[in-house]
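Structural description and commentary
The chain contents come next:
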Amino acid sequence: MTEANQAVDGHAYDIVQILNALPHRYPLLLVDRVKSLKIDEEIHAVKAVSFNEQFFQGHFPGRPIMPGVLQIEALAQAAAILAIETLQLAGSGKLVYFMAIEEAKFRAPVEPGCLLDLNVGFVQKRARVCKFWGKASVEGKVTCEVQFTAMVADPPSAN
């Protein structure tokens, strides 16, 4: 196993572990692999952008581009994994919800066939509310930068 494929405690963080950490499922699961995770600090995850994704049917036909809001969602999902691992919430059923999105900037289009690198780190961390910085890039070129705040909460109860 190469260093680039290692994550928490030297174990690869593959799709099975991502599915265990996040409640998201197809078509909204936007993290395919975690390349590195430093508890209390940052995460580097990857989204493989495929032409088969539903949003490319309408955004934009003839010039498919991944919507910027989905880049932010992918960064938020990576942040949720970081928060769950850092706050030791795995298996607790707790969810990580967006509270605010700030300073979002879109720098370059993301097209099918690329690997979208998702780098996220803590700006501020508390037991229930965390603020993050996020940067998405393709082959080193930044496509999206954002700061966002999220809260840790119990899932909604079923009625």
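Below: a short report on this structure. (Residues numbered from 1 in each chain as written. Predicted model: local features only at pLDDT ≥ 70, side-chain atom pairs only at ≥ 80, totals over all residues. Heavy atoms only, no water.)

**Thoughts on the overall build of the chain**
The secondary structure content of the chain amounts to two helices and six strands. In sequence order, the secondary structure elements of the chain are arranged as α-β-β-α-β-β-β-β. Computed over its C-alpha atoms, the radius of gyration of the chain comes to 15 Å, within 12% of the 15 Å expected for a compact globule of 159 residues. Projected onto its principal axes, the C-alpha coordinates of the chain cover approximately 45 × 45 × 30 Å. (Helix = DSSP H or I, 4+ residues; strand = E, 2+ residues; numbered from the N terminus. Rg over C-alpha atoms; globule rule 2.2 N^0.38 Å.)

**Describing the side chain of Q77**
For Q77, the location among the structural elements is in helix α2 (residues 68-86). When near neighbours in sequence (up to four residues on either side) are disregarded, Q77 contacts L22, H24, L28, L29, L30 and V31. (Contact = heavy atoms within 4.5 Å.)

**Looking at the pattern of salt bridges**
Following the criterion strictly, the structure yields eight salt bridges and no others. A salt bridge links D40 to K125; the shortest N-O distance between them is 3.1 Å. Of this pair, D40 sits in the loop between β1 (33-38) and β2 (42-48) while K125 is found in strand β4 (residues 115-125), placing the two residues 85 residues apart along the sequence. What makes K125 partly exposed here is its relative accessible area of 35%. Measuring nitrogen to oxygen at the nearest pair gives 2.8 Å for the salt bridge that ties E145 to R107. Taken together, the residues E145 in strand β6 (residues 141-153) and R107 in the loop between β3 (95-106) and β4 connect sequence positions 38 residues apart. (Salt bridge = Lys/Arg side-chain N within 4 Å of Asp/Glu carboxyl O. Buried < 20%, exposed > 50% of the residue type's maximum accessible area, 1.4 Å probe, protein only.)

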